[in-house]
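# Architecture and fold: a report
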Amino acid sequence: MIDTGKLILRLALGGLILLHGIAKLSSGIDGITRMVTSTGLPEWVAWGVYVGEIVAPLMVIAGWFSRIGAGIIAVNMVFAVALAHRSDIFQLSNTGGWELELQGMFFFTAVAIACLGPGRYSANRTPAGLAACPTVARKWQQPQARSSVDSVAATPTTSASERPTARSSRKT
């Protein structure tokens, strides 16, 4: 059930951010370029919006390096707030909610996915995703090593000669 929840989070965040990216593909990023250059940053930084709103959401949706994709989305939201919504950070909307609740929800959902990971239903966790990631393919093919907790549980902490016997523990 937890993996299903992670999948829902990934699909919701990735799908909603991707829609913003598609809008920027069709209308261009001239406005973003002006905002970026007005703050003294180089013009090429504006092109990062395509990474943050197209590439990263696709990574999150597929579950292919989704922690990295979610981190990119979180950074993208920091840039969006810093460039376009600075004056709204401490504002409430007419309905009483935070003025930046959408951006905040995107940011914190991205942080949650970056912390939680993609879950079982992801490209990096299934044989179908092996071709895309050789490192994961090697891990998938190797037998899982026992964890240190399993090793400790399997070895006794005291030897048979050190264990108290019924005779030695009685008072005389």
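Right, let's get into unusual backbone geometry. The backbone of F65 shows a phi angle near 50 degrees, a positive value even though the residue is not glycine. Position of F65 relative to the elements: it lies in the loop between α3 (48-62) and α4 (66-84). The exposure class assigned to F65 is partly exposed, which follows from its relative accessible area of 30%.

Quick look at the environment of L58 now. Its location among the elements puts L58 in helix α3. Residues L58 and L11 lie 47 residues apart in sequence; the distance between their C-alpha atoms is 9.4 Å.

The subject of this paragraph is the packing of aromatic side chains. In the structure shown here, the tally under the stated rule is three aromatic pairs. Judged by centre distance (4.9 Å) and plane angle (80 degrees), the rings of W64 and F65 are edge-to-face. Its relative accessible area of 30% is what places W64 among the partly exposed residues. The interplanar angle of 80 degrees and the centroid separation of 5.0 Å between the aromatic rings of F107 and F108 together place this pair among those described as edge-to-face. Given the relative accessible area of 25%, F107 is considered partly exposed. Take F108: its relative accessible area is 52%, and that puts it in the exposed class.

A cluster of nonpolar side chains, namely L16, L19 and I22, defines an oily patch on the protein surface of about 280 Å² accessible area. Position of L16 relative to the elements: it lies in helix α1 (residues 2-27). With a relative accessible area of 44%, L16 lands in the partly exposed category.

As for its placement among the helices and strands, K24 is situated in helix α1. Along the backbone, K24 and E53 are 29 residues apart, and their C-alpha atoms lie at a distance of 8.6 Å. Leave out the neighbours within four places in its chain, and K24 touches I29, I32, V49, Y50 and E53.

Looking at soluble globular proteins, one finds that nonpolar side chains tend to be buried together. Grouped together as the largest cluster of nonpolar side chains are 11 residues: L13, I17, A56, V60, A70, I73, A74, M77, F106, A110 and I113. For this core, the secondary structure elements donating two or more residues are α1, α3, α4 and α5 (101-116). What A70 contacts, discounting residues up to four positions off in sequence, is V60, A110, I113 and A114. Core analysis: the second largest hydrophobic core is formed by 10 residues, I29, I32, A46 and L83 among them.

The rules behind each value
Residues numbered from 1 in each chain as written. Predicted model: local features only at pLDDT ≥ 70, side-chain atom pairs only at ≥ 80, totals over all residues. Heavy atoms only, no water. Helix = DSSP H or I, 4+ residues; strand = E, 2+ residues; numbered from the N terminus. Buried < 20%, exposed > 50% of the residue type's maximum accessible area, 1.4 Å probe, protein only. Phe/Tyr/Trp six-rings, centres within 6.5 Å; stacked < 30°, edge-to-face > 60°. Patch = residues over 30% accessible without salt bridge, like charges linked within 9 Å, V, L, I, M, F, W, Y side chains within 5 Å. Areas by Shrake-Rupley, 256 points an atom, 1.4 Å probe, with all protein chains shown as cover. Salt bridge = Lys/Arg side-chain N within 4 Å of Asp/Glu carboxyl O. Contact = heavy atoms within 4.5 Å. Core = buried A, V, L, I, M, F, W, Y, C linked by side-chain atoms within 4.5 Å.

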